[in-house]
Amino acid sequence: MDPVVIPILVAALVVVFLVASTVRIVPQARRYNIERFGRYRRTLQPGLNLIVPVADRINTKLDVREQVYSSDPRPVITEDNLVVNIDTVLYYQITDPRAAAYEVADYLQAIDQLTVTTLRNVIGSMDLEETLTSREEINSRLRAVLDDATGKWGIRVNRVEIKAIDPPHTIKEAMEKQMRAERDKRAAILHAEGERQAKILTAEGTKQKDILEAQGTQQAMILRADGEAKAVELVFQAVHRNNADPKILAYKYLETLPHLASSDNNTFWVIPGELTEAVRTVTRAFGDQPAERPHTTAQPEETATAGADQTSDEGRTPELDAGGTASLDAAAAADEAGKQAAAAVSDAKAEAAEAAKPPRTPRRGQTSGG
């Protein structure tokens, strides 16, 4: 091999090595910290960059995109001395690559420990119930503390979220029992409200039903009373139109008396005090009919008077003597009075039928005395 070619190849290799050591290509969203002889020199930006070979070297490569860090569950004691395990999710972004590389040795560990201590300070001032219901407040306080502490590290904390809060197993059972009791309570309240509404609606329906029935009964009674009033009015007008005398009225009065004892369930009935007077009136009325009957021949005054007296005696109502009445009880007296009334009515009907017959005309040649 030609001795001149070897030095040329060595020089070419050295040049290639030097060029390769000088050129650095940085990807997008990456930052490279450059040190020259062990001292921070500058931070390379994305794209093509040139450095001094041998003198400059890349110390750290950082990703400036937003990062997600999930911590392990850590025990935290609440204000009411209950231990709960809380794990958090942290969203952060590197804003200053130099500070992130030289201000803190391990920024992830530093952020994790700062999150735990801040959580213990925040949760320590709350009880379990408040801890479970105040996640937004805890997140806001955590973010404020972490953002203030990590600012000098070149890191910005965008969000802090509590992923889970795990109370002890016994507390979980107690919470489940409490939740079950609350649900049973709400169910009982809803059931009671439903029954209350049902009873109210039923009562309102019954009320409306009673009102409608009462109105219907009222209208029916009014119509019935109007009908009875009209019937009485028609009867009254018919009586006055026909000029009914007291004799007919007394007869109708006696005609209704037998209906007092017509029912089998009647054990007591009242006999009106004017029964005897009514019987006498009817008897007297029908007893006077023969005297008022027209005759073709005149009878002697004595015969008419005797006949009238005889008719009056026959039509007179038999009276109960005091001794017989005193010995009967109330039922027997009422029965006897009913029988006497029925007998008087039968006699009055018979005499009325006899009086209604046309008078016999005397034969020619006979005198009124013969």
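See the structure printed just above.
To keep things clear, this report deals only with the structure shown in the data block. (Residues numbered from 1 in each chain as written. Predicted model: local features only at pLDDT ≥ 70, side-chain atom pairs only at ≥ 80, totals over all residues. Heavy atoms only, no water.)

Quick notes on the overall build of the protein
Each helix and strand in the protein was counted, giving twelve helices and nine strands. Among the 370 residues that make up the protein, the fraction classed as buried is 23%. Pairs at least 24 apart in sequence give 65% of the contacts found in the protein among residues at least 6 apart. Split by element, the accessible area of the protein, about 25700 Å² in all, is 55% carbon and sulfur. (Helix = DSSP H or I, 4+ residues; strand = E, 2+ residues; numbered from the N terminus. Buried < 20%, exposed > 50% of the residue type's maximum accessible area, 1.4 Å probe, protein only. Contact = heavy atoms within 4.5 Å. Areas by Shrake-Rupley, 256 points an atom, 1.4 Å probe, with all protein chains shown as cover.)

Quick look at the pattern of salt bridges
In this structure the tally under the stated criterion is nine salt bridges. Notably, a salt bridge pairs Asp63 with Arg30, separated by 3.6 Å at the nearest N-O pair. You can see Asp63 sitting in strand E5 (residues 56–63) and its partner Arg30 sitting in strand E2 (residues 30–36), a full 33 residues away along the chain. Asp63 gets classed as buried once you look at its relative accessible area, which sits at 19%. Of the charged contacts in the structure, one is a salt bridge between Arg141 and Glu137, with a shortest N-O distance of 3.9 Å. Separated by four residues within a single helix, Arg141 and Glu137 lie in helix H5 (residues 135–150), roughly one turn from each other. With relative accessibility at 35%, the residue Arg141 sits in the partly exposed group. Note on Glu137: relative accessible area 38%, which makes it partly exposed. A cluster of three or more residues bridged by salt bridges with shared partners is formed by Arg30, Asp63 and Arg65. (Salt bridge = Lys/Arg side-chain N within 4 Å of Asp/Glu carboxyl O.)

Overview of the nonpolar core
The biggest cluster of nonpolar side chains holds 28 residues, and the ones touching the most others in it are Ile86, Leu90, Leu119, Ile138 and Ile155. Listing elements by their share of this core, those giving two or more residues are strand E8 (83–94), helix H3 (107–123), H5 and strand E9 (155–166). With seven residues, the single largest contributor to this core is H3. Setting aside residues up to four positions removed in sequence, Ile138 forms contacts with Leu119, Val122, Ile123, Met126, Thr131 and Ile162. Ranked by size, the runner-up nonpolar core spans five residues in total, among them Val26, Tyr32, Ile34 and Leu44. (Core = buried A, V, L, I, M, F, W, Y, C linked by side-chain atoms within 4.5 Å.)

Re the packing of aromatic side chains
One pass over the full model with this rule turns up two aromatic pairs. For the pair Tyr40 and Tyr102, a centre-to-centre distance of 5.5 Å together with 70° between the ring planes defines the contact as edge-to-face. One end of the pair, Tyr40, is in strand E3 (residues 39–44); the other, Tyr102, is in helix H2 (residues 97–102), with 62 residues separating them in the sequence. A residue is classified by how much of its surface remains accessible, and Tyr40, at 30% relative accessible area, is partly exposed. Taken together, a centroid distance of 6.0 Å and an interplanar angle of 65° make the contact between Tyr92 and Tyr107 edge-to-face. Taken together, the positions of Tyr92 in strand E8 and Tyr107 in helix H3 put the pair 15 residues apart, joining distant regions of the chain. Both residues of the pair, Tyr92 and Tyr107, count as buried. Lying across the ring of Tyr32, Lys61 places its NZ or CZ 5.0 Å from the centre. A cation sits over an aromatic face here: Arg159 above Tyr91, 5.9 Å from the ring centre. (Phe/Tyr/Trp six-rings, centres within 6.5 Å; stacked < 30°, edge-to-face > 60°. Lys NZ or Arg CZ within 6 Å of the ring centre and 35° of its normal.)

Let's talk about the pairing of E2
With five of seven residues buried, E2 lies mostly within the body of the structure. By the bridge criterion, seven bridges tie E2 to E5 in an arrangement that is antiparallel. The residue of E5 that forms the bridge with Asn33 is Thr60. In this structure, the hairpin formed by E2 and E3 is closed by a connection of two residues, where Phe37 is found at a positive phi of approximately 55°. (Pairing = 2+ DSSP bridges.)

Quick look at the sheet that holds E2
Spatially, three strands are ordered E3-E2-E5 in an open sheet, and the strand pairing comes out antiparallel. Each of the sheet's edge strands pairs with one partner strand only, and the pair in question is E3 and E5. Mean inter-strand twist for the sheet, computed between neighbouring axes without regard to direction, equals 25°. Examined bridge by bridge, E2 and E3 share five bridges and lie antiparallel to one another. In the sheet register, Asn33 faces E3, and the bridge partner there is Thr43. (Axes fitted to C-alpha atoms, helices over the stretch in contact; angles between N-to-C directions.)

Here we look at empty space enclosed by the protein
Across all of its chains, the model carries one cavity of 30 Å³ or more by this definition. When its volume is computed, the largest cavity comes out at roughly 40 Å³. When residues of the lining of the largest cavity are traced back to their parent elements, those giving at least two are E8 and H3. Counted by class, the lining of the largest cavity contains three nonpolar, three polar and three charged residues. (1 Å grid on protein atoms, 1.4 Å probe; cavity = no way out; pocket = protein on both sides within 12 Å on 5 of 7 lines; lining within 4 Å. Points joined across faces, edges and corners; volume = space filled by probe spheres on them. Nonpolar A, V, L, I, M, F, W, Y, C, P; charged D, E, K, R; others polar.)

Interpretation in functional terms is not warranted from these geometric data alone.
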